[in-house]
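Per-entry structural report
Residues per chain, in single letters:
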Amino acid sequence: MSFRVIKPGFFSTIQDRGRFGLAHHGLSQSGVADEHAYCWANYLLGNDADAAVMEITFGGCVLSALIDTGIAITGADLGFKINGKPQDHWQVLSVKQGDLLTWSAPKNGVRAYLAVQDGFQTKQYFNSRSANLREKVGSLIQVNDELLTRPSKPSDKGKTMPAWFKPDYTEALTLRLLPSYQYEQFSQQQRQLLFGQAYKIGKASDRTGCRLEGNAIKNTPATMISEGISYGSVEITTAGLPIILLKDAPTIGGYPKIGTVFSLDLAKLAQHQPGSDVRFELIDIETAQQLRREFNYFFEK
Amino acid sequence: MFDIKLAGENAIIIYFGDDVAPELVEKIAFYTEFLHESLGDLIIDIVPSYTTALITYDLNVVSHQAFCNQVSEALAKAIYVKQQHQSDMVEIPVYYDSEVGLDLDRLLSEKQLSLDEFIGIHSNQTYLVYAIGFSPAFAFLAEVDERIQLPRLTTPRIQIPAGSVGIADNQTAVYPIESSGGWNIVGRTPIDLSLNNKKNLNRFKVGHQVKFKAISRQKFLALGGRF
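Everything numeric here is computed off the predicted structure, so don't read it as measured data.

1. A short note on the overall build of chain B
- Summing up its helical and strand segments, chain B has five helices and 13 strands in all.
- Within chain B, buried positions represent 41% of all 227 residues.
- A sequence separation of at least 24 residues applies to 63% of the contacts in chain B between residues at least 6 apart.

2. A look at the packing of helix 1 (residues 22-39) of chain B against helix 2 (residues 64-77) of chain B
All names here are of chain B.
- As a packed pair, helix 1 and helix 2 sit with axes 10 Å apart at the nearest point and diverge in direction by 120 degrees. Classified by the interaxial angle, the pair formed by helix 1 and helix 2 is oblique. The hand of the helix 1/helix 2 crossing is right-handed. Where helix 1 abuts helix 2, its residues Tyr31, Phe34, Leu35, Ser38 and Leu39 lie against Gln70, Val71, Ala74 and Leu75.
- The residue inventory of the contact of helix 1 with helix 2, partitioned by class, reads seven nonpolar, two polar and no charged.

3. Points about the domain arrangement of chain A
Residue and element names in this part refer to chain A.
- Splitting chain A by domain gives domain 1 (2-165) and domain 2 (173-300).
- A straight line from the C-alpha centre of domain 1 to that of domain 2 covers 27 Å.
- Counting residues at the interface gives 21 residues for domain 1, matched by 17 residues for domain 2.
- Residue assignment for the side of domain 1 that touches domain 2 shows that the elements contributing at least two residues are helix 1 (35-45), strand 5 (69-77) and strand 10 (108-116).
- No other element matches the four residues that helix 1 contributes to the side of domain 1 that touches domain 2.
- For the side of domain 1 that touches domain 2, the residue count by class is seven nonpolar, ten polar and four charged.

4. Some thoughts on the interface of chain B and chain A
- With 34 residues of chain B at the interface, the matching set in chain A holds 32 residues.
- Only strand 1 (3-8), strand 2 (11-15), strand 3 (43-49), strand 4 (52-57) and strand 6 (127-132) of chain B provide two or more residues apiece to the side of chain B that touches chain A.
- A total of six residues in the side of chain B that touches chain A trace back to one element, the largest contributor, which is strand 3 of chain B.
- Class assignment of the residues belonging to the side of chain B that touches chain A gives a composition of 21 nonpolar, ten polar and three charged.

5. Concerning the domain arrangement of chain B
Residue and element names in this part refer to chain B.
- Each domain of chain B was delimited in the assignment, giving domain 1 (3-77) and domain 2 (89-222).
- Each of domain 1 and domain 2 has a C-alpha centre, and these two points are 30 Å apart.
- Across the boundary between the two partners, domain 1 contributes nine residues, which contact seven residues of domain 2.
- Of all the secondary-structure elements, those providing two or more residues to the side of domain 1 that touches domain 2 are helix 1 and strand 3.
- The element best represented in the side of domain 1 that touches domain 2 is helix 1, accounting for five residues.

6. Things to note about the sheet that holds strand 14 (residues 209-213) of chain A
Residues and elements named next belong to chain A.
- The mixed closed barrel is built from seven strands, whose spatial order is 12-19-16-17-14-13-20. Between one strand axis and the next, the sheet turns through 40 degrees on average, direction left out of account.
- Judged from the two bridges that link them, strand 13 (residues 199-201) and strand 20 (residues 277-282) form a sheet pairing that is antiparallel. Bridging across to strand 20, Lys200 finds its partner in Asp277.

7. Quick look at the sheet that holds strand 9 (residues 100-103) of chain A
Residues and elements named next belong to chain A.
- Here we have six strands laid out as an open sheet, ordered 7-6-9-4-1-11, and antiparallel in their pairing. For this open sheet the edge positions go to strand 7 (85-86) and strand 11 (146-148), each flanked by a neighbour on one side alone.
- When strand 4 (residues 61-65) meets strand 9, the two strands line up antiparallel, connected through four bridges. Paired with Ser64 across the two strands is Leu100, which belongs to strand 9.

8. What to know about the nonpolar core
- Ala41(A), Val53(A), Tyr113(A), Leu114(A) and Ala115(A) are the most contacted members of the largest nonpolar core, which has 140 residues in total.
- With sequence-adjacent residues up to four places away left out, Leu114(A) is seen in contact with Val53(A), Met54(A), Ile56(A), Ile71(A) and Ile73(A).

9. Brief notes about the environment of Val62(A)
- Topologically, Val62(A) is positioned in strand 4.
- According to the C-beta neighbour criterion, Val62(A) is partly exposed, with 18 such atoms within 10 Å.

10. Digging into the pairing of strand 4 of chain A
Residues and elements named next belong to chain A.
- Residues of strand 4 alternate between two faces, with Cys61, Leu63 and Ala65 buried on one and Val62 and Ser64 left unburied on the opposite face.
- Pairing between strand 1 (residues 2-8) and strand 4: five bridges, direction antiparallel. Residue pairing across strands places Pro8 opposite Cys61, the latter belonging to strand 4.

11. Here's the deal with unusual backbone geometry
- For the bond from Ala142(B) to Glu143(B), the omega torsion is 15 degrees, close enough to zero to count as cis.
- For Glu143(B), the position within the fold is in the loop between strand 7 (139-142) and strand 8 (157-160).
- Even without being glycine, Asn144(A) reaches a positive phi, approximately 75 degrees.
- Relative to the assigned elements, Asn144(A) resides in the loop between strand 10 and strand 11.
- Taking the C-beta count within 10 Å as the criterion, Asn144(A) has 8 such neighbours and is therefore assigned exposed.
- Even without glycine at this site, Tyr181(A) takes up a positive phi of about 45 degrees.

Cut-offs and rules
Residues numbered from 1 in each chain as written. Chains lettered and ligands numbered in written order. Predicted model: local features only at pLDDT ≥ 70, side-chain atom pairs only at ≥ 80, totals over all residues. Helix = DSSP H or I, 4+ residues; strand = E, 2+ residues; numbered from the N terminus. Buried ≥ 20, exposed ≤ 12 C-beta atoms within 10 Å, placed from the backbone. Contact = placed C-beta atoms within 7 Å. Axes fitted to C-alpha atoms, helices over the stretch in contact; angles between N-to-C directions. Parallel < 35°, antiparallel > 145°, perpendicular 65-115°, else oblique. Left-handed = near helix turned anticlockwise from the far one by under 90°. Nonpolar A, V, L, I, M, F, W, Y, C, P; charged D, E, K, R; others polar. Domains from an automatic or database assignment. Pairing = 2+ DSSP bridges. Core = buried A, V, L, I, M, F, W, Y, C linked by C-beta atoms within 7 Å.

Put into structure tokens, the structure is as follows:
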């Protein structure tokens, strides 16, 4: 009862909601880069909200189904096909034993999610199946890996996301920023530089951090005593450029932080290629919490 | 006495003081424990570090403002009593030799110390865990004696073997897993401090005390040490 990996692709891992309650040991949150696509995939299949999925970055991936089961593909359009036939995303599909599932290359977005009925049953590390390569917790998916699943039940075939919900990852991205941490220590002028320009996503970006390129903020506050980092914190390095700290980031760090990006905007960021533009605008804590709570209620019922 | 700031849509950070000091770390360890006990149902993670504690909480059940109020009230109730005797002492065996201590010879010549003098200074004192992070189970220990302090390498090494013991300014630490890093490596412990060994989850906590114990090459190998 599994999927066999014929080609692992450029960067494919198993991820779930993440690893919690262990940050004081230095274990980062980890988990899916795009929570929006992840939640939809499990929701469509009627899975638990924290079921494990496969996160496929850029494509180049081929799996062979060794089981009949229901699946959902969400997130990026990486040219997904079953036995060479293009398939719709954001809906439940049936696969039969022997079917070949392929993801070729990015058409819209960069990270696709494969959810299976009841979630992947791969090895757990500290109560989560999420791989974090920086921490050497779990590993990249390798050729010939067998990704375990549960015996299948009749699926909710045809359950689909309403068309008007479907995201277009080519849309311009504005990240809503909470004025957190050392925000007050940056001058009016320094903040204006952050909010007034379009940054480009740098090539060295990964699941640990998104490095932005643009006009540097000068005379930033000095490095500080290391302190706890929350998901989406925006460090301003000594060079004056932002790094948005993501799921695999270390739990503590010593650069000043100008704010924290709202989580559902980080989900969108996870679908943007190096070279694309991003901007920042402010959001207040009440609005951010309200939006995130609505999102959580929708998926946790 | 403390200052609470926004850290994210479901996170706050508490600043307990401005300066790094042993008493402050012990205090933060105490307050962290207290907050876990009083607000455990709302809290997802607490990360203490030097002068702060970052708390993430469940925003489905409590709002930012309500949570800040509850934390303030809890902290106002907590009465810190300095621990009389420190029971949480961790001892780490270390093989100090240039065979495993990549920077040991340079340190000895710069500081004009014999190996025995260096070992005496590094292992005769007790260190306090100020923070855990960088990588899982990586504990920042201080304060290193001035006679053996060295700044970080200008270019970090790409691969430092697991178990390596390093010094960076007034701090010392063991690399629990193989990783990159810029600390001056002076020895290696044969014991597995990584989280691959589940027992290590409770080996280090912020506020714990740590001592190094010099061991021979033979003992290093007998305890499972590898080159």
